[in-house]
Amino acid sequence: MPGLILVSPTVDNAQKIEEYRTEFSSGWTRVTADPDRIPGLDGLESHESVADWLRSCDAMRGKISWFMTVRKRDGRIVGFLCLRHKLAYDDDDPDFRSHIGYSIRPSERGKGYAKEQLRLGLEKAKAIGLKKVRLICLDTNTGSQKTILANGGIYLDTLHGEESGLNVNRYDILL
């Protein structure tokens, strides 16, 4: 099992967060209608600096929680996870709303980190009182599908977003 922990981002990590963001080049596969949006870093793309983004995150405290997924052995950020305490705080197409959004740094994929990151995120969801978590992923994202299913995901359906033009699979995980 990968040695990972979820850590709340702080301004002390601004440079590491920016380095994480730069791994997602303009050619990466988008998962939302906004091609610049990185799951788990929701909203970072609309801010001029990481510090500015962190201030906006702080304003959502108690509604949304953001976590860096950090590898214990070297302190490297390998992923990000966003936990929305209610589906109402997700600004995507209403049918595409999810409690958790996550990403793994492209250079760290294929190492089992996503599965562990989501498991840790589900523990956080349970700790804030959620009994069920809704997750979505592109219908073509087999990696994310496997991650969700490995964590107890129950497939609900596949929806087409009129605004985004994307097809997503919806899953629930009972906590």
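Residues numbered from 1 in each chain as written. Predicted model: local features only at pLDDT ≥ 70, side-chain atom pairs only at ≥ 80, totals over all residues. Heavy atoms only, no water.

Caption draft 1: Looking closely at the overall build of the chain. Secondary structure assignment for the chain yields four helices and seven strands. Going residue by residue from the N terminus, the α and β elements of the chain occur as β-α-α-β-β-β-α-β-α-β-β. Taking 175 residues into account, the globule formula puts the C-alpha radius of gyration at 16 Å, and the chain, at 15 Å, falls close to it. Expressed as lengths along the three principal axes of its C-alpha atoms, the size of the chain is roughly 40 × 35 × 30 Å. The buried share of the chain, reckoned over its 175 residues, is 48%. Partitioning the intrachain contacts of the chain with sequence separation of at least 6 by distance along the chain shows that 62% fall at a separation of at least 24. Total accessible area computed for the chain in this model is approximately 8,900 Å², and 49% of it derives from carbon and sulfur atoms. Separation between the mean location of the 26 positive side-chain charges and that of the 25 negative ones in the chain comes to 8 Å. (Helix = DSSP H or I, 4+ residues; strand = E, 2+ residues; numbered from the N terminus. Rg over C-alpha atoms; globule rule 2.2 N^0.38 Å. Buried < 20%, exposed > 50% of the residue type's maximum accessible area, 1.4 Å probe, protein only. Contact = heavy atoms within 4.5 Å. Areas by Shrake-Rupley, 256 points an atom, 1.4 Å probe, with all protein chains shown as cover. Lys, Arg positive; Asp, Glu negative; His and termini not counted. Charge placed at Lys NZ, Arg CZ, Asp CG, Glu CD.)

Caption draft 2: Local environment of the side chain of Gln145. Assignment of secondary structure puts Gln145 in helix H4 (residues 142–150). Other than its neighbours up to four places away in sequence, Gln145 contacts Cys137, Leu138, Asp139, Thr140, Asn169 and Tyr171.

Caption draft 3: Local environment of the packing of aromatic side chains. Taken as a whole and judged by the stated rule, the model has four aromatic pairs. Measuring from centroid to centroid gives 5.8 Å for Tyr155 and Tyr171, while their planes differ by 70°, and the two rings are edge-to-face. Highlighted residues: Tyr155 in strand E6 (residues 154–160) and Tyr171 in strand E7 (residues 167–174), separated in sequence by 16 residues. Accessibility expressed as a relative area gives 45% for Tyr155, which makes it partly exposed. Counting every residue linked through ring pairs, the aromatic cluster contains Tyr20, Trp53, Trp66 and Phe80. (Phe/Tyr/Trp six-rings, centres within 6.5 Å; stacked < 30°, edge-to-face > 60°.)

Caption draft 4: Region of interest: the pattern of salt bridges. The final tally for this structure, using the stated rule, is 15 salt bridges. A salt bridge links Arg76 to Glu23, with the nearest nitrogen and oxygen atoms 3.3 Å apart. On the criterion of sequence distance, the pair formed by Arg76 in the loop between strand E2 (64–71) and strand E3 (77–84) and Glu23 in the loop between helix H1 (14–22) and helix H2 (50–59) is long-range, its members being 53 residues apart. On the accessibility criterion, Arg76 (28% relative accessible area) is partly exposed. Overall, the relative accessible area of 26% leaves Glu23 in the partly exposed class. Between Arg73 and Asp74 there is a salt bridge, with the nearest N and O atoms lying 3.8 Å from each other. By relative accessible area, Arg73 is classed as exposed at 68%. Accessibility expressed as a relative area gives 41% for Asp74, which makes it partly exposed. (Salt bridge = Lys/Arg side-chain N within 4 Å of Asp/Glu carboxyl O.)

Caption draft 5: Main features of the sheet that holds E3. Across the sheet, which stays open at both edges, the four strands sit in the order E1-E2-E3-E4 with antiparallel pairing between neighbours. Lying at the two open borders of the sheet, with one neighbouring strand each, are strand E1 (4–7) and strand E4 (100–104). Within the sheet, the average angular offset between the axes of one strand and its neighbour, ignoring direction, is 20°. Two elements, E2 and E3, share seven bridges in a ladder whose sense is antiparallel. Looking at the pairing, Thr69 lines up with Gly79 of E3. (Pairing = 2+ DSSP bridges. Axes fitted to C-alpha atoms, helices over the stretch in contact; angles between N-to-C directions.)

Caption draft 6: Here's a closer look at helix H3 (residues 113–127). With 15 residues, H3 should reach 21 Å at 1.5 Å per residue; the first-to-last C-alpha distance of 21 Å fits that figure. Within the span of H3, buried status applies to Tyr113, Ala114, Glu116, Gln117, Leu118, Leu120, Gly121, Leu122 and Ala125. In the stretch just after H3, Gly129 is the one whose phi turns positive, near 100°. (Expected span 1.5 Å × (residues − 1).)

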